[in-house]
Structures are given as structure tokens and as C-alpha cells.
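A structural walkthrough
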Amino acid sequence: MQSTTIARWGNSNGVRLPRRLLDEAGLHEDQPVELAAVEGTIVIRPLLRPQTLDELFTYYEGDYQPQEVAWGDARAEKVNP
């Protein structure tokens, strides 16, 4: 457990989160999170929402180049009511 101080940040308040604590929680800088007050405790957890392709590849360090794939002719099946 580590202690810190709640500080004024503009019209809000904030706390500084030590890197070690973020690493232990599996969180990283600039990651979208959601906040909740649960039974007198503030909970910070990753924001679970669909991500854009840019967000998904933010930390990718490879040289991936997207390619078009031919899946064959387009065809539809009849649906009988």
C-alpha cells in the first residue's frame, strides 16, 4: 500500500499514480479508464469499450502493412420465412 495526497488540479482534484502501481494493475499512461465510487472507495478500471484501429495499434512496434484479401465472389443465401 502506498500513500499520496489529493491535490487541486484546475477545477477538479487529482492524485499522482506511481509507475509501479500502474504496472501492477496492468494500466498505462493515456489509457482510457472509468472511475466509480463503491462503498467509500474510489475504483479505477480500464474503460471497456470498442477501440478504434488507431487505439488498438498504439503500442504496436512491428512493421505490419495491411493487405487486401480476396475472399471469393460475393453471394447471398436466401432466407425462407
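Here, every reference points to the structure presented above.
The structure contained in this document is the topic of the report that follows. (Residues numbered from 1 in each chain as written. Predicted model: local features only at pLDDT ≥ 70, side-chain atom pairs only at ≥ 80, totals over all residues. Heavy atoms only, no water.)

In this structure, the largest pocket encloses a volume near 940 Å³. Lining the largest pocket are 24 residues, with Val15, Arg16, Leu17, Leu22 and Ile44 positioned closest to its centre. Put simply, the parts of the chain that give the lining of the largest pocket at least two residues each are β2 (12-14), α1 (19-25), β3 (33-38) and β4 (41-46). Tallied by class, residues from the lining of the largest pocket come to 13 nonpolar, eight polar and three charged. Lining the second largest pocket we find 13 residues, and of these His28, Gln31, Pro32, Gln51 and Glu55 sit closest to its centre. (1 Å grid on protein atoms, 1.4 Å probe; cavity = no way out; pocket = protein on both sides within 12 Å on 5 of 7 lines; lining within 4 Å. Points joined across faces, edges and corners; volume = space filled by probe spheres on them. Helix = DSSP H or I, 4+ residues; strand = E, 2+ residues; numbered from the N terminus. Nonpolar A, V, L, I, M, F, W, Y, C, P; charged D, E, K, R; others polar.)

Moving on: the packing of aromatic side chains. On inspection of all chains with the given rule, the structure shows one aromatic pair. Ring geometry for Phe57 and Tyr60: centres 5.6 Å apart, planes at 85°, overall edge-to-face. (Phe/Tyr/Trp six-rings, centres within 6.5 Å; stacked < 30°, edge-to-face > 60°.)

This model, assessed by the stated rule, comprises three salt bridges. Asp23 is paired through a salt bridge with Arg19; the nearest N and O atoms lie 3.5 Å apart. With Asp23 and Arg19 both in helix α1 and four residues apart, this pair spans about one turn of that helix. Looking at Asp23, the relative accessible area reads 47%, which means it is partly exposed. In this structure Arg19 comes out as exposed when scored by relative accessible area, which is 52%. For Arg20, the salt bridge is made with Glu24, and the minimal N-O distance between the two is 2.6 Å. Of the two residues, Arg20 and Glu24 both sit in helix α1, four residues apart, roughly one turn of that helix. You can call Arg20 partly exposed: its relative accessible area is 45%. What makes Glu24 exposed here is its relative accessible area of 58%. (Salt bridge = Lys/Arg side-chain N within 4 Å of Asp/Glu carboxyl O. Buried < 20%, exposed > 50% of the residue type's maximum accessible area, 1.4 Å probe, protein only.)

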